[in-house]
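Survey of secondary and tertiary structure
One-letter residues, chain by chain:
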Amino acid sequence: MEKHVLGLELPTDPRWVNIAEKNIEDILIDHAYCEQKAASSCISLIVKYPDKDELVTTLTPVVAEEWSHFERVIEELTKRGFKLGRQRKDEYVAALGKIEKKGGSREEQLVEKLLLNALIEARSCERFRLLWKHIPDEDLQKFYYELMVSEAGHYKNFLQLAKTYKSEDYVMKRWKEILELEAQIISTLEVRGDRMH
């Protein structure tokens, strides 16, 4: 699950996990909303592209899995006496929205959405790995290890789906561009330990 396996150009700043372990309540709240958004994103793709059989077949179980992750994060919050607080603005996802290519064919628009979903899953997976490796809470170590393994599978699902709807050359060229743009975003965002991204 190293950086090169996930394809990310820039690893997370090591300071992130040090701040995150001091802000577990905030991290768990933000993480819950990330899982909710992941489920919602898959639902909206299914609703927008119901004619794409492979997409519907692949993403339907992902919706259930992301929602079960949401439930598990809520359990971790409850166990610690925390409540699900308000959702905060996700600066990372907002910045990614600006690199999404608008226009083009319906398939090109779909590939953009699939690649951005793949990227968010890859970055989440990398962050889960850091939490698994570095936080002292043993229950949360186990929790984040399990989620890391699951999210790695999702990232591959989205990339594979993209190749179903456009050529591998097109997809990998665009994926490389998106990874480079994401590295620039990561390098300019403030290192905040109260957010998952």
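Rules behind the numbers
Residues numbered from 1 in each chain as written. Predicted model: local features only at pLDDT ≥ 70, side-chain atom pairs only at ≥ 80, totals over all residues. Heavy atoms only, no water. Helix = DSSP H or I, 4+ residues; strand = E, 2+ residues; numbered from the N terminus. Rg over C-alpha atoms; globule rule 2.2 N^0.38 Å. Buried < 20%, exposed > 50% of the residue type's maximum accessible area, 1.4 Å probe, protein only. Contact = heavy atoms within 4.5 Å. Lys, Arg positive; Asp, Glu negative; His and termini not counted. Charge placed at Lys NZ, Arg CZ, Asp CG, Glu CD. Core = buried A, V, L, I, M, F, W, Y, C linked by side-chain atoms within 4.5 Å. Salt bridge = Lys/Arg side-chain N within 4 Å of Asp/Glu carboxyl O. Expected span 1.5 Å × (residues − 1). Polar contact = N/O pair within 3.5 Å; in protein donor to acceptor, adjacent residues only side chain to side chain. Phe/Tyr/Trp six-rings, centres within 6.5 Å; stacked < 30°, edge-to-face > 60°. Lys NZ or Arg CZ within 6 Å of the ring centre and 35° of its normal.

Moving on: the overall build of the protein chain. Secondary structure assignment for the protein chain yields eight helices and zero strands. Ordered by position in the sequence, the α and β elements of the protein chain form the string α-α-α-α-α-α-α-α. For the protein chain, whose C-alpha radius of gyration is 16 Å, the value lies close to the compact-globule estimate of 16 Å for 197 residues. Here the C-alpha coordinates of the protein chain stretch approximately 50 × 30 × 30 Å along the principal axes. When the 197 residues of the protein chain are sorted by exposure, 46% land in the buried category. Long-range pairs, those at least 24 residues apart, make up 82% of the contacts in the protein chain between residues at least 6 apart in sequence. Here the protein chain holds 31 positive side-chain charges and 36 negative ones, and the gap between their average locations is 4 Å.

For soluble globular proteins, the rule of thumb is that nonpolar side chains tend to be buried together. L45, L55, L59, L114, L115, L119 and W175 are the most contacted members of the largest nonpolar core, which has 33 residues in total. Breaking this core down by element, the ones donating at least two residues are α3 (24-48), α4 (53-79), α5 (91-99), α6 (106-134), α7 (138-165) and α8 (168-188). Apart from residues no more than four positions distant in its own chain, L114 is found in contact with L45, L55, F158, L161, A162 and Y165. One finds I24, I29, V73 and C125 within the second-largest nonpolar core, a separate group that totals 25 residues.

One pass over the full model with this rule turns up 20 salt bridges. Note that K166 is salt-bridged to E108, the shortest N-O span being 3.7 Å. You can see K166 sitting in the loop between α7 and α8 and its partner E108 sitting in helix α6, a full 58 residues away along the chain. On the basis of relative accessible area, K166 is assigned to the partly exposed category, the value being 24%. Given the relative accessible area of 24%, E108 is considered partly exposed. With its nearest N and O atoms 3.3 Å apart, the salt bridge here joins K173 to E177. Taken together, the positions of K173 and E177, both in helix α8 and four residues apart, correspond to about one turn of that helix. By relative accessible area, which is 58% here, K173 ends up exposed. Residues participating in the shared-partner salt-bridge network are E76, K79, R80 and D137.

Let us now look at α7. The end-to-end C-alpha distance of α7, which contains 28 residues, comes to 42 Å, matching closely the 40 Å that a straight helix rising 1.5 Å per residue would cover. The N-cap residue of α7 is D137: its side-chain oxygen and the backbone nitrogen of D139 are 3.0 Å apart.

Moving on, we get to the packing of aromatic side chains. Counted by the stated rule, this structure contains five aromatic pairs. Summarising the aromatic geometry, the rings of F128 and Y144 are spaced 5.4 Å apart at their centres and angled 35° between planes, so their arrangement reads as tilted. With a gap of 16 residues between them, F128 in helix α6 and Y144 in helix α7 connect regions that are remote in the sequence. Across this residue pair, the class does not change: F128 and Y144 are buried. Arranged with centres 5.0 Å apart and planes meeting at 65°, the rings of F143 and Y144 form a pair that is edge-to-face. Just as F143 is buried, Y144 falls in that class too. What links up through ring pairs into an aromatic cluster is the set F128, F143 and Y144. Across the ring face of W16, the terminal group of R127 is positioned such that the distance to the ring centre comes to 4.8 Å.

These figures come from the coordinates and say nothing about function on their own.
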